[in-house]
Amino acid sequence: MALDRWIALVILMICLAYGYAAFFTMDAALPPFMRHNPIWPSTFPKILSVMAVLAALFVLLGFEKGAEDPKPMDINYRRLTDYKLGQALALLALMAAYALLLRPAGFLPATVGFLAAGACILGERKLHILLPVAALAAGVVWYLVQEVLGIFLSPWPAIVMNGG
Amino acid sequence: MLDGILIGLGTAFSLTNLLMVIGGCLIGTFIGMLPGLGPMSIIAIMIPVAISIGDPSAALILLAGVYYGAIFGGSTSSILINAPGVASTVATSFDGYPLARQGKAGKALTVAAIASFSGGTIGAILLMIFAPALATVALLFHSAEYFALMVVGLSAIAAFAGSGQVGKALLMTLLGLIMATVGEGALFNMPRFTMGIMDLQSGFGFITLAMAMFALPEAMYLVLDPSRSNSGSGSGEIKDLRITREEARAITPVIGRQSVQGFLIGVLPGAGATIASFLGYAVERNIASKEEQEQFGKGSVKGLAAPESANNAACTGSFVPLLTLGIPGSGTTAILLGALIALNVSPGPRLMVDEPQIFWAVIISMYLGNLILLILNLPLIPYIAKVLAVPRNYLIPFILFFTLMGAYIGQNNATELLILVGLGICATVLRFADYPLAPLLIGFILGAMLENNFARSMQLYDGLGFLLERPMTVGLLALAVLLVVLPSYRARRARLRAEGAADAD
């Protein structure tokens, strides 16, 4: 089974779960005064879930023939290991790490670390250029966000900022 | 209408707004030139900046400037290094890149710039004529018709998705609508489908979703396939920007035809700049003379001018449904709609009545944006093109960083970043399997409005009675069904007939 039909199967599962929630779990919690309303919070989701299940089945059962030849600009997922899969996964992990470290480590250290580590993952080895560039960029973005846009971004690690 | 134009001139020519257009065009050209970053990603990244400006006209002018700039930048990279940043400039590279290989890069860029300028300007004039007329009609609409109209828009987007894609596009639209129901809507004051997770209480963030659907998969594709960002190669000298009188005479009718055709295609929801540019190229090749047809694909100025004017006119055309009906026809206008809602402006037929300065300022700024691209960016192109030499090792971490910052500034919440990464992975997998992602975002943005209008008509008519009492609603809904069913029915019949013919052999 091709990837697009596997995805349709996953989406079908999600839609079934969503439909179950809409049809069977939402109406019980409805306050009595809202029961006279012609539309309930679950009305629209019910319609959506039915239509989405039908659409997912349509794709899953392959009623529609897709274009056979892959487009020149696209990546052939069947040969995913031919591409730089390791780098992509490492960068995704790095992004998750950045999300988790942004608050505790502070914006400046986290960002410099992210930019430097990201470039290293991609194969950059000239640290004497990379680190100043990353530090400069982090500083400029922090200044723009904090001072120009006026959105607070804690620059240093939480321990330093809160005075130990 | 004259009052409106004057108001628009007044607003657009204020110093701040002029700076917004210039800044937007420059930023757009810069980033749009980077291979793999399309207008959608750039606008998504710029939204937090635009929202923090506060003034809706200025914000919209900035974003619109970024939009034209990005398209212009995208054609530059397709011409110079044969790396179209967006699908709509793929047709540009057919004849643009051969010209650049022949050492006529400067000429190719000039033709592209003139064609874009004319396409954009003619598009803006048509927009000025069409939009008010359409808005007058749209003012007669009730919530029931609105609901039906949005359904038509959404199904048209699915119907124009291309052969073999209608089912997938429809599924993505519905998934977007489903995602829009997560969280506490204004309608019922109760949280829905949050699964008890606090961070989902306010629903998915629209900027987060936009980043996850467009910017992140683009960046992942760049990482996976280094040949997509073959920056540095072929960035030869750009000199001699002039074109000859004969060339000018050859491209004038092409530009005229393709601007009008492109605009009309752009108005249709879901069709957009990509179809306009390919169709423009095909039409011009078919009506060209025999010896000119030989030139197409080998560096014909006509073949370059056709897709360029068509895609710019289509971009302008896509503003018509956005400004008059509040229904976005493309991913980019959907992102703009999201930005407008965040700025407390609701686009739609009332926009021209309630806030004419926004409406007209945007239209006037379209002329300005096109003009700036022509007189400011064209001479600067040799210098801006240096950005193509930025090494990939630096480029990609920065793209990822700006993607993360965009989501973080919008929500000020670190969990949002994890949601962004998770959705981004899903979006990349969906792109592997050739699922179109723009319908999901359009569905997501229209979801709340669709449900509101549906609920309002249900309440007004105490049930589904509005379907019977308003013939226009029924008509529109029938059109929506027809739009979705017809292409797959015809494709199926054609396939069956083809198979039958094969069996008979």
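Residues numbered from 1 in each chain as written. Chains lettered and ligands numbered in written order. Predicted model: local features only at pLDDT ≥ 70, side-chain atom pairs only at ≥ 80, totals over all residues.

For chain B, an unreviewed UniProt entry supplies the name Tripartite tricarboxylate transporter permease and the organism Leisingera daeponensis.

Looking at an unreviewed UniProt entry, one finds chain A named Tripartite tricarboxylate transporter TctB family protein, with Leisingera daeponensis as its source organism.

Caption draft 1: Spotlight on the overall build of chain A. Helix and strand counts for chain A come out as six helices and zero strands. Out of the 164 residues in chain A, the part that is buried amounts to 25%. Pairs at least 24 residues apart make up 62% of the contacts formed inside chain A by residues separated by at least 6 positions. (Helix = DSSP H or I, 4+ residues; strand = E, 2+ residues; numbered from the N terminus. Buried ≥ 20, exposed ≤ 12 C-beta atoms within 10 Å, placed from the backbone. Contact = placed C-beta atoms within 7 Å.)

Caption draft 2: How the structure looks around the overall build of chain B. Counting its secondary structure elements, chain B contains 22 helices and two strands. Computed over C-alpha atoms, the radius of gyration of chain B comes to 23 Å, within 12% of the 23 Å expected from 2.2 N^0.38 for 505 residues, which places it in the range of a compact globule. By principal-axis analysis of the C-alpha atoms, chain B measures approximately 70 × 65 × 50 Å. Evaluated residue by residue, chain B yields a buried proportion of 62% over its 505 residues. (Rg over C-alpha atoms; globule rule 2.2 N^0.38 Å.)

Caption draft 3: The arrangement of the UniProt feature "transmembrane region" (unreviewed entry) in chain A in detail. Residues and elements named next belong to chain A. As annotated in UniProt, the feature "transmembrane region" (unreviewed entry) corresponds to residues 7–24, 44–63, 83–101, 107–123 and 130–153 in the numbering used here. Here residues 7–24 is 100% helix and 0% strand, with 25 Å between the C-alpha atoms at its ends. For residues 107–123, the end-to-end C-alpha separation is 24 Å, with 88% helix and 0% strand making up the annotated structure. (UniProt positions renumbered as here; feature names shortened; annotations may be inferred.)

Caption draft 4: Region of interest: the domain arrangement of chain A. Segmentation of chain A into domains returns domain 1 (3–66) and domain 2 (85–161). Look at where the C-alpha atoms of domain 1 of chain A and domain 2 of chain A centre, and you get two points 40 Å apart. (Domains from an automatic or database assignment.)

Caption draft 5: A look at the interface of chain A and chain B. Counting residues at the interface gives 52 residues for chain A and 56 residues for chain B. Of all the secondary structure elements, the ones that give two or more residues to the side of chain A that touches chain B are α1 (3–25), α2 (43–60), α3 (85–105), α4 (107–121) and α5 (127–148) of chain A. The class makeup of the residues in the side of chain A that touches chain B is 41 nonpolar, five polar and six charged. (Nonpolar A, V, L, I, M, F, W, Y, C, P; charged D, E, K, R; others polar.)

Caption draft 6: How the structure looks around the nonpolar core. Counting residues in hydrophobic clusters, the biggest one holds 216 residues, and the most contacted among them are B:I43, B:A44, B:L63, B:L171 and B:L441. Built from parts of two domains, this core gets at least three residues from each of domain 1 (3–66) and domain 2 (85–161) of chain A. Setting aside residues up to four positions removed in sequence, B:I43 forms contacts with B:L63, B:V66, B:Y67, B:T332, B:I335 and B:L336. (Core = buried A, V, L, I, M, F, W, Y, C linked by C-beta atoms within 7 Å.)

Caption draft 7: Up close: the environment of A:G139. Residue and element names in this part refer to chain A. Along the chain, G139 falls in helix α5. The class of G139 is partly exposed, set by 15 C-beta atoms lying within 10 Å. Expressed as a C-alpha distance, the spacing of G139 and A117, which sit 22 residues apart in the sequence, is 17 Å.

Caption draft 8: Representation of helix α6 (residues 105–138) of chain B in the model. Residues and elements named next belong to chain B. Compared with an ideal rise of 1.5 Å per residue, which puts 34 residues at 50 Å, α6 spans 46 Å between its outermost C-alpha atoms and is within 8% of the ideal. Along α6, the helix axis deviates most sharply at L127, where the bend reaches about 25°. Burial analysis of α6 places 25 of its 34 residues in the buried class, the great majority of the element. (Expected span 1.5 Å × (residues − 1). Bend = angle between axes of the 7 residues up to and from the residue.)

Caption draft 9: Just the packing of helix α2 (residues 15–33) of chain B against helix α17 (residues 356–384) of chain B, in detail. All names here are of chain B. At a minimum axis separation of 9 Å, α2 and α17 run at an interaxial angle of 50°. In terms of orientation, α2 lies oblique with respect to α17. Both α2 and α17 take part in a crossing whose hand is right-handed. Here α2 contributes N17, V21, I22, C25, T29, F30 and M33 to the contact with α17, which in turn contributes A361, S365, L368, G369, I372, L373, L376, N377 and I384. Partitioning the contact of α2 with α17 into residue classes produces 11 nonpolar, five polar and no charged. (Axes fitted to C-alpha atoms, helices over the stretch in contact; angles between N-to-C directions. Parallel < 35°, antiparallel > 145°, perpendicular 65-115°, else oblique. Left-handed = near helix turned anticlockwise from the far one by under 90°.)

Caption draft 10: Summary view of the environment of B:N82. All names here are of chain B. Considering the arrangement of structural elements, one finds N82 in the loop between α4 (56–81) and α5 (90–101). The spacing of N82 and M195 is 113 residues in sequence and 47 Å in space, taken between C-alpha atoms. Leaving out residues up to four positions away in the same chain, N82 has contacts with S93 and Y97.

Caption draft 11: Looking closely at the environment of B:I265. Residue and element names in this part refer to chain B. Mapped onto the elements, I265 comes out in helix α10 (residues 245–267). The class for I265 is buried, based on 25 C-beta atoms found within 10 Å. Placed 50 residues apart in sequence, I265 and A215 show a C-alpha to C-alpha distance of 26 Å.

Caption draft 12: Looking closely at the packing of helix α11 (residues 272–287) of chain B against helix α13 (residues 301–317) of chain B. Residues and elements named next belong to chain B. Put simply, α11 and α13 touch, their axes get as near as 8 Å, and they point 150° apart. Remark: the crossing between α11 and α13 carries right-handed chirality. Contacts between α11 and α13 involve G272, A273, A276, S277, G280, Y281, E284 and R285 from the first element and K302, G303, A306, P307, A310, N311, A314 and C315 from the second. Here the contact of α11 with α13 is composed, by residue class, of eight nonpolar, five polar and three charged.

Caption draft 13: Up close: unusual backbone geometry. Residues and elements named next belong to chain B. Positive phi, close to 70°, is recorded for N344, a residue that is not glycine. Mapped onto the elements, N344 comes out in the loop between α15 (331–342) and α16 (349–354). The backbone phi angle of D434 is positive, close to 70°, even though this residue is not glycine. One can find D434 in the loop between α19 (414–432) and α20 (438–460). In this structure D434 comes out as buried when scored by C-beta crowding, with 20 C-beta atoms within 10 Å.

Caption draft 14: Fine view of the confidence of the model for chain A. The pLDDT averaged across chain A works out to 81; a share of 87% of its residues lies at or above 70. Mean pLDDT across the elements of chain A ranges from a minimum in helix α6 (residues 158–161) of chain A, with 68, to a maximum in α2(A), with 90. (pLDDT = per-residue confidence, 0-100.)

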